[in-house]
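Structural overview for review
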Amino acid sequence: MVAWSRVRKFTAIALGTGAGLGAYLYHCLRSDERKVHALWTNSDTAINPYALWDSNWDHRSPRHLVKPIVNTSVQEENRYNNDLDRVTPRSVRHIILVRHAEYLHAGDTDDTHNLTLRGCLQAKYAGRRLRELGVRWDKIIISTMTRAQETADIILKEIDFDPERLVNCSYIREGAPIPPQPPVGHWRPPKAFFRDGARIEAAFRRYFHRAFPNEKEDTYTLIVGHGNVIRYFVCRALQFPPEAWLRININHASITWLTIHPSGNVTIECLGDSGFMPPEYLTSRVPVLPKGVV
């Protein structure tokens, strides 16, 4: 009888412990569910730390560029406010990116990758659309690859620009910026990401930043480049995971417009816009010349 009493007591303790543990786990699961629901409904009670905006992403936030206040004197406060005013941007930077037009993947060298007839027409439509914007181009940056150079040549015939503001840049040549997620099986050599990634990231840091404090009016920069680079720039500028670049598709000669505000906030005006072309000219894939055809 004593043994049976002990068994019943042990069973009661085990059941009580199990019930308590189950209730605790249920509470945790319900709590996580409420947290997810709160995130979905944009409640202030739960903020996803990965969604927080880094206002100093370009390391040009004014308060990070001046010496902090060291005491509470009026002179020190005036010094700090004057320094802050001196480095505070006041204008907006507009960066308009155009993907090169359709080209023929013939041969193994860049010199043989010339635009197709359809690609030439795509570039012409893009140039006309840029002309319709009616903006003054402060800088035009062109990739040094053949297809981008040929695209830019056609676009420049359609728009007004100052030749001295034109820059040919090897940093924005096409490449593999970062291993994508989800991964792609056919992208074999990891060295491609190691080789291209630093260069493309350097290009982002060179061209994407808030306006200079001495710029009084909004500025417009035109970049003629490549699909992978543009998609990576978009993810970086909007502070999306850069590994997501391959989830975006943009057509040939399409226009992407990013705006950088004095506060450091970044907005996207359009992504891969190609609605200015007739439907029969819309392409995103590169035609490959059949083997044996010269």
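Only a predicted model underlies this, so the values are computations on that prediction, with no experimental measurement involved. (Residues numbered from 1 in each chain as written. Predicted model: local features only at pLDDT ≥ 70, side-chain atom pairs only at ≥ 80, totals over all residues. Heavy atoms only, no water.)

1. Remarks on the nonpolar core
Worth spelling out the cut-off: By nonpolar core is meant a set of buried Ala, Val, Leu, Ile, Met, Phe, Trp, Tyr and Cys residues that side-chain atoms within 4.5 Å join together. The rule is simple: take the accessible area with a 1.4 Å probe, protein chains only, and divide by the maximum for that residue type; under 20% is buried, over 50% is exposed, in between is partly exposed. Runs of H or I in DSSP of at least four residues are treated as helices and runs of E of at least two as strands, each being numbered from the N terminus. The contact definition used throughout considers only heavy atoms, calling two residues in contact when any of these lie within 4.5 Å.
Core analysis: the biggest nonpolar cluster contains 28 residues, and Leu 97, Ile 172, Phe 208, Phe 233 and Leu 258 have the highest contact counts within it. Of all the secondary-structure elements, those providing two or more residues to this core are strand E1 (93-99), helix H5 (190-207), helix H6 (227-237) and strand E5 (255-260). A total of seven residues in this core trace back to one element, the largest contributor, which is H6. Apart from the residues within four sequence positions on either side, Ile 172 is in contact with Ile 141, Ile 142, Ser 143, Arg 199, Ala 203, Tyr 207, Ile 223, Val 224, His 226, Val 229 and Phe 233.

2. Some details on the layout of surface pockets
This is how it is decided: Lining residues are defined by having an atom within 4 Å of a point belonging to a cavity or pocket. Those points lie on a 1 Å grid over the protein atoms alone, cavities being sets where a 1.4 Å probe fits but cannot get out and pockets being open sets with protein on both sides within 12 Å along at least five of seven lines. Grid points are joined across faces, edges and corners, and a volume is the space filled by probe spheres set on the points.
Considered as a void within the structure, the second largest pocket measures approximately 230 Å³ in volume. Considering the residues around the second largest pocket, the lining is formed by Arg 93, Asp 138, Lys 139, Ile 141, Arg 165, Arg 206, Tyr 207, His 209, Phe 212, Glu 215, Thr 219 and Thr 221.

3. Some details on the packing of aromatic side chains
Using the following cut-off: For Phe, Tyr and Trp, where Trp contributes only its six-membered ring, two rings pair if their centres lie within 6.5 Å, and the inter-plane angle classes them as stacked under 30 degrees, edge-to-face over 60, or tilted in between. Charges are assigned to positions over rings by a cutoff of 6 Å between ring centre and Lys NZ or Arg CZ, combined with an angular limit of 35 degrees from the ring normal.
Under the counting rule described, the total for this entry stands at six aromatic pairs. Measuring from centroid to centroid gives 6.2 Å for Trp 57 and Phe 204, while their planes differ by 45 degrees, and the two rings are tilted. Here Trp 57 is found in the loop between helix H1 (2-40) and helix H2 (74-87), whereas its partner Phe 204 is found in helix H5, with 147 residues between them in sequence. Taking the relative accessible area as the measure of exposure, Trp 57 reaches 13% and is therefore buried. Measuring from centroid to centroid gives 5.7 Å for Tyr 125 and Tyr 281, while their planes differ by 50 degrees, and the two rings are tilted. One end of the pair, Tyr 125, is in helix H3 (residues 117-133); the other, Tyr 281, is in the segment after strand E6 (266-273), and 156 residues separate them in sequence. Site record: aromatic cluster; members linked through ring pairs are Trp 57, Phe 204, Phe 208 and Phe 233. Sitting over the face of the ring of Tyr 125, Arg 128 holds its NZ or CZ atom 5.9 Å from the ring centroid. Taking the ring centre of Tyr 171 as reference, the NZ or CZ of Arg 206 above it sits at 4.3 Å.

4. So, H5
Put simply, the test is: The span one expects for a helix is its residue count, reduced by one, times 1.5 Å. One axis fitted to the seven residues ending at a residue, another fitted to the seven starting there: the angle between these axes is the bend at that residue.
Between its first and last C-alpha, H5 extends 26 Å over 18 residues, near the 26 Å set by a 1.5 Å rise per residue. Within H5, the axis deviates most sharply at Asp 196, by approximately 30 degrees. All of the buried residues in H5 are Ala 192, Phe 193, Asp 196, Gly 197, Arg 199, Ile 200, Glu 201, Ala 203, Phe 204 and Tyr 207. In this structure, the buried side of H5 is in contact with E1, strand E2 (139-143), strand E3 (166-169), strand E4 (219-225) and H6.

5. Focus: the UniProt feature "binding site: substrate" (unreviewed entry) in the protein
Condition: UniProt positions are given in the numbering used here, feature names are shortened, and annotations may be inferred rather than shown by experiment. Whenever a nitrogen or oxygen atom comes within 3.5 Å of another N or O atom, the pair is scored as a polar contact, on the condition that within protein one atom can donate a hydrogen and the other can accept it, and that pairs from neighbouring residues in sequence are kept only if both atoms are in side chains.
Following the UniProt record, the feature "binding site: substrate" (unreviewed entry) maps to Arg 147 here. Examined against the element boundaries, Arg 147 turns out to sit in helix H4 (residues 146-156). Aside from chain neighbours lying at most four places away, what touches Arg 147 is His 100, Tyr 103, Asp 110, His 113, Leu 115, Glu 174 and His 226. Within polar-contact distance, the side chain of Arg 147 engages the side chain of His 100 at 3.3 Å.

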